[in-house]
Amino acid sequence: RRRRPRLRRDVEWCLVVLADAADVLLLPTRDREAVCATLDLFAEQRSGDDRERTVAPFDFGSLFDALETCFEPASRPPGRVDRCVCVFGRARAPPLVPAAGRSPLLVDDAFFFDSLYIHAAPAPENRVQHVFDALLKVAGARAKASFSFETTSSTTKVQTFLFVLSSHPLLRGDSQTAA
């Protein structure tokens, strides 16, 4: 019998979806049932969508605008760690990288931007390397502390990368030693 993974009770979770702009689905909460219900509802809504039909680049500036509403540094307790794990899947359109200094989160030592890029196989219409390079640039000055992984739809690799990303960012070392 397989057990369903549990979310920790002492961690706040916030869910943001990347559509034409970043939309906050769920503000930070410790309510594990609300997080799982929101994820299930979103998965049901997306099940029939064609993920690759979108070729317009996504502006990551709107993601950081949305995250700033969730991670207000002044309202966070001392010693907090905020992390964004971005699962990105647009192989045809590299994301637009926010200008340096646009978001205070990108220079905050308590913020980590991790990305998992799941893409279609390389093809002339897919810009896999350009997208991955843009995701690396999003981390900017925090790139050494942030992890970025890419894979096609390999379930084993996705599980391995999510396992690595699940570790506490202050305990996992820098990204150059993880490879």
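Bear in mind that the values here come from a model prediction, so they are computed numbers and not experimental data.

Student: Kindly report on the sheet that holds strand β5 (residues 148-151), identifying the contributing residues and their values.
Tutor: What the 3 strands build is an open sheet, ordered β3-β4-β5; its pairing is parallel. Unpaired on one side and paired on the other, β3 (82-88) and β5 mark the two borders of the sheet. Pairwise comparison of adjacent strand axes, ignoring direction, gives a mean angle of 10° for this sheet. Alignment of β3 against strand β4 (residues 111-118), held across 7 bridges, turns out to be parallel. Directly across from V85, in β4, lies its bridge partner D114. Seen against the sheet, helix α2 (residues 60-70) touches β3 and β4 and runs at an angle of roughly 135° to β4. With respect to the sheet, helix α4 (residues 155-165) is in contact with β3, β4 and β5, its orientation differing from that of β5 by roughly 170°.

Student: Now, about the nonpolar core: what can you tell me, with residues and values included?
Tutor: The biggest cluster of nonpolar side chains holds 25 residues, and the ones touching the most others in it are F60, F64 and F113. Elements represented by at least two residues in this core include exactly α2, β3, β4 and α3 (128-139). If we skip the residues at most four places from it in the chain, F113 touches F60, L63, F64, C84, C86, L135, V138, A139, S146 and F147. The next biggest cluster of nonpolar side chains, apart from the first, holds 6 residues, and it includes L116, F147, F161 and L165.

Student: Give me the lowdown on the side chain of S148, citing residues and values where you can.
Tutor: Position of S148 relative to the elements: it lies in strand β5. Using a relative accessible area of 18% as the deciding quantity, one classes S148 as buried. A polar contact of 2.9 Å, which involves the side chain of S148, links it to the side chain of S115. Setting aside residues up to four positions removed in sequence, S148 forms contacts with S115, F132, L135 and L136.

Student: Got a sec to walk through the state of the cysteines? Specific residues and values, please.
Tutor: Disulfides are covalent bonds that connect the sulfur atoms of two cysteines. If you walk through the whole model with that rule in mind, you get 0 disulfides. Take C84: it sits in no disulfide, and the sulfur closest to it among the cysteines is that of C86, at 5.6 Å.

Student: Can you tell me about the environment of G61, naming the residues and giving the values?
Tutor: Within the secondary structure, G61 sits in helix α2. Given the relative accessible area of 0%, G61 is considered buried. Contacts of G61, omitting those with residues within four sequence positions, involve L96, P98 and R102.

What counts and how
- Residues numbered from 1 in each chain as written.
- Predicted model: local features only at pLDDT ≥ 70, side-chain atom pairs only at ≥ 80, totals over all residues.
- Heavy atoms only, no water.
- Pairing = 2+ DSSP bridges.
- Helix = DSSP H or I, 4+ residues; strand = E, 2+ residues; numbered from the N terminus.
- Axes fitted to C-alpha atoms, helices over the stretch in contact; angles between N-to-C directions.
- Contact = heavy atoms within 4.5 Å.
- Core = buried A, V, L, I, M, F, W, Y, C linked by side-chain atoms within 4.5 Å.
- Buried < 20%, exposed > 50% of the residue type's maximum accessible area, 1.4 Å probe, protein only.
- Polar contact = N/O pair within 3.5 Å; in protein donor to acceptor, adjacent residues only side chain to side chain.
- Disulfide = S-S within 2.5 Å.

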